[in-house]
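Notes for the structure review
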Amino acid sequence: MVTFLIGLVVLAVGGFAYGRVCERVMKPTDDETPATARRDGVDFVPMKKWRNSLIELLNIAGTGPILGPIQGALFGPVAFVTIPVGCVIAGAFHDYMVGMISIRNGGAQTPDLVKLFLGRRFYVAYAAFVCLLLLLIGVVFVYTPGDIFVTQILHQDSSLSNPVLWAVYGAIFAYYVAASLLPIDKVIGRVYPVFGAVLLLSAVGVFVGLFANGYELPELWDAAAAGFPMRENFVPIFFVTVTCGILSGFHSTQATLVSRTVAGEREGRTTFYDMMIAEGFIAMTWAAGAMGAMAQGLADADALWNAPTGVVGTVAYDMLGPVGGIIALVGIIALPITSGDTALRGLRLTLGDAIGIDMTRRANVLKLALPIFATVFALLVWAKSDTQGFNVLWRYFSWANETIAVFALTMIAMYMARNRMPYAMALVPGAFYLFVVVSYIMSAHIGFNLPWAAAYAVAGACALAYAVMLVRAARAVGRG
């Protein structure tokens, strides 16, 4: 338990200190923000800081900071150190900087920021990865809430042959289709803060339950820490597994949306940086819950790795009781659904812009939306029919997620260089995560399946080349 508590202190104190550093670097002003300068009553609408913060938390948090850390618990107590450190210097920094840069560029969305600061060639590559990520988010955010609802609320089997499962999937799909064609997101937006609060409160409940139930957590220095099954190749596998709990490229697409409703730059730290720290707390808590469940004999390694959605219910019911467990599960189910609809809508809009289709015509929307939903459905069927389907799906999603983050960190570095800021704050996590995504895809069975030595060599060369080229580009921009 000591390692866990030390990690929480690092998260809280480190987040407070580094958040202030980021704020001093950006030097928030009292200038008019896009929310007021471009107020249109639809996208650009100033809202209160507390509401923006909870909406941001809901947008960036779904099942990612829960399922990823549950699987990451298999690496042992080292997760209690890596999650907070990475969250402070990479994830929260990434979210804050993207949100603030968007505010200072008229509420521009991430693709436009990439084009502005990195050029069109980077933009084309970025757009391709964004489309892949948004597609996979659509699949994952049908799969996970559907399975949790069927297994933990209805207490039924989530196998491919259960018609109830497909009825639940069908209901989620129906919502996604409607959300893609109708402006019902404005209605859902009114309850976003409620769901965000439920997510945070459920994490607090699990945190309290760790102590109330006397869960034993391993310490980093104990011999018991060596008993966890996944210890080799910590980099990159851990970082690809935990993904949203440390650094998420998807967050950049959400921070730029919220940037259009922030009434003042001085609210940015709370809205963007602190909400990622809150997500880090959620990730830490669920990683601890999973380790505690293993120690209590409530779940084994196979369940954590192959059926993390089931572990969610096990932990929730054991920690919070039947009523509290159901409330927590409802929030966990609702959150990915409200992220999945925006992901698929964003995919449709991105493809429409790339192809040059007029999205104001309903017929064109249908022509583009239907193939997207058909692809999501096909991937969902495959994921349910293969015993390793979820793991493969999750790893492609996680890998694409971290790759998008590298693009965003590179954009941040160039922005900082242009404005004579210490761009090493973005370069270091950018180079590290480039090493992560390259070494993973080079070694993984879903990638090039190279031996680890070769994968590390290629990734090291790529990370070094990235750092050298970025420094040269930053110096050239700084001189200009």
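Residues numbered from 1 in each chain as written. Predicted model: local features only at pLDDT ≥ 70, side-chain atom pairs only at ≥ 80, totals over all residues. Heavy atoms only, no water.

1. Some details on helix α3 (residues 49–60)
This is how the line gets drawn: In this description a helix means any DSSP run of H or I spanning at least four residues, a strand means any run of E spanning at least two, and both kinds are numbered starting from the N terminus. The span you would expect from a helix comes to 1.5 Å times its residue count less one. Residue burial is assigned from relative accessible area. The probe radius is 1.4 Å, only protein chains are included, and a residue is buried under 20% of its type maximum, exposed over 50%, and partly exposed in between.
In this model α3 runs 16 Å from its N-terminal to its C-terminal C-alpha over twelve residues, within 8% of the 16 Å that 1.5 Å per residue would give. For α3, the buried fraction is high: nine of the twelve residues fall into the buried class.

2. Examining the pattern of salt bridges
The line we're drawing: When a carboxyl oxygen of Asp or Glu lies within 4 Å of a side-chain nitrogen of Lys or Arg, that pair is called a salt bridge.
Scanning the model with the defined rule gives four salt bridges in all. Across the salt bridge formed by Glu265 and Arg104, the nearest N and O atoms sit 3.0 Å from each other. Pair noted here: Glu265 is in the loop between α12 (250–258) and α13 (268–295) and Arg104 is in the loop between α5 (79–103) and α6 (110–118), with a separation of 161 residues, a long-range link. By relative accessible area, Glu265 is classed as buried at 6%. Between Asp147 and Lys384 there is a salt bridge; the shortest N-O distance is 2.9 Å. One end of the pair, Asp147, is in helix α7 (residues 120–153); the other, Lys384, is in helix α16 (residues 362–385), and 237 residues separate them in sequence. Like Lys384, Asp147 is buried.

3. Brief notes about the side chain of Glu267
Note the cut-off: As used throughout, the charge tally considers Lys and Arg to be positive and Asp and Glu to be negative, leaving His and the chain termini uncounted. Note on contacts: a residue pair is in contact if any heavy atoms of the two residues lie within 4.5 Å.
Following the sequence through the fold, Glu267 ends up in the loop between α12 and α13. The side chain of Glu267 sits in the buried core without any salt bridge; Lys49 is the nearest counter-charge, 6.3 Å away. If we skip the residues at most four places from it in the chain, Glu267 touches Met47, Lys49 and Val262.

4. Details of the packing of α5 against α12
Here is the rule: In this analysis an axis means a line fitted to C-alpha atoms, helices contributing only their contacting stretch, and an angle means the value between N-to-C directions, from 0 to 180 degrees. Should the near helix be turned anticlockwise from the far one by less than a right angle, the crossing is termed left-handed; should it be turned clockwise, right-handed. Amino acids outside the nonpolar list (Ala, Val, Leu, Ile, Met, Phe, Trp, Tyr, Cys, Pro) and the charged list (Asp, Glu, Lys, Arg) are all regarded as polar, and Gly is one of them.
Taken N-terminus to C-terminus, the directions of α5 and α12 make an angle of 40°; their axes are 8 Å apart at the nearest point. Note on packing geometry: the crossing formed by α5 with α12 is right-handed. Judged by residue contacts, His94, Asp95, Val98, Gly99 and Ser102 of α5 engage His251, Ser252, Ala255 and Thr256 from α12. In terms of residue class, the contact of α5 with α12 is made up of two nonpolar, six polar and one charged.

5. Looking at the environment of Pro322
Position of Pro322 relative to the elements: it lies in helix α15 (residues 308–355). Distance in space between the C-alpha atoms of Pro322 and Asp274 is 31 Å, their sequence separation being 48 residues.

6. Observations regarding the environment of Met230
Structurally, Met230 is set in the loop between α10 (192–212) and α11 (234–242). On the accessibility criterion, Met230 (18% relative accessible area) is buried. The spacing of Met230 and Leu464 is 234 residues in sequence and 28 Å in space, taken between C-alpha atoms. Look past the residues within four positions of Met230 in its chain and what remains in contact with it is Leu74, Phe75, Ile237 and Trp305.

7. Some words on the packing of aromatic side chains
Test applied: Between the rings of Phe, Tyr and Trp (Trp by its six-membered ring), a pair exists once the centres lie within 6.5 Å; its type follows the angle of the planes, with under 30 degrees stacked, over 60 edge-to-face, and the other angles tilted. In our convention, an over-ring charge means Lys NZ or Arg CZ found within 6 Å of a ring centre and within 35 degrees of that ring's normal.
Applying the stated rule across the entire model yields 25 aromatic pairs. Centroid distance Phe238 to Phe239: 5.5 Å. Interplanar angle 90°. Geometry classified as edge-to-face. The exposure classification of Phe238 matches that of Phe239, with both residues buried. Within the aromatic cluster, the residues linked to one another by ring pairs are Phe75, Phe234, Phe238, Phe239, Phe432 and Tyr433. The residue whose ring lies beneath Lys115 is Tyr123, and the NZ or CZ to ring-centre distance is 4.3 Å. The ring of Tyr143 carries Lys384 above its face, with NZ or CZ at 4.8 Å from the centroid.

8. Points about the state of the cysteines
Rule in force here: Pairs of cysteine sulfur atoms within 2.5 Å are what we label disulfides.
Using the criterion set out here, one finds zero disulfides in the structure. Of all cysteine sulfurs in the structure, the one in Cys87 sits closest to Cys244, which takes part in no disulfide; the separation is 11 Å. For Cys244, a relative accessible area of 6% gives the class buried.

9. Focus: unusual backbone geometry
Along the chain, Val235 connects to Pro236 via a cis peptide bond; the corresponding omega equals 20°. Residue position: Pro236 is located in helix α11. Although it is not a glycine, Asn233 adopts a positive phi angle of roughly 55°. Its place among the elements puts Asn233 in the loop between α10 and α11.

10. A short note on the confidence of the model for the chain
Inclusion rule: Per residue, pLDDT captures the predictor's confidence, and it can take any value from 0 to 100.
Taken residue by residue, the chain gives an average pLDDT of 88. The fraction at 70 or more is 94%. Per-element confidence in the chain ranges from a low mean pLDDT of 47 for helix α9 (residues 185–189) to a high of 98 for helix α18 (residues 424–443).

11. Details of α7
Given a rise of 1.5 Å per residue, 34 residues ought to cover 50 Å, and the 47 Å separating the end C-alpha atoms of α7 matches this to within 8%. Of all the 34 residues making up α7, 24 are buried; the element is thus mostly covered by neighbouring parts of the structure. Immediately beyond the C-terminal end of α7, within one or two residues, lies His155, with a positive phi of roughly 55°.

12. Examining the nonpolar core
Cut-off, in case you're wondering: Here, the term nonpolar core denotes a set of buried Ala, Val, Leu, Ile, Met, Phe, Trp, Tyr and Cys residues that are joined through side-chain atoms within 4.5 Å.
Ranked by size, the top nonpolar core spans 158 residues in total, and within it Phe4, Phe93, Tyr176, Trp286, Ile412 and Met416 carry the most contacts. In this view, Ile412 contacts Phe93, His94, Met97, Val98, Ile101 and Ala426; residues no more than four positions away in its chain are not counted.

13. Describing the packing of α5 against α6
Rules: Working rule for angles: under 35 degrees goes down as roughly parallel, over 145 as roughly antiparallel, 65 to 115 as roughly perpendicular, anything else as oblique.
Look at α5 against α6: their axes get within 11 Å of each other, and the N-to-C directions meet at 80°. As judged from the angle between their axes, α5 and α6 are roughly perpendicular. Along its contact with α5, which presents Val98, Ile101 and Ser102, the element α6 presents Thr110, Leu113 and Phe117. Taken together, the residues that form the contact of α5 with α6 break down as four nonpolar, two polar and no charged.

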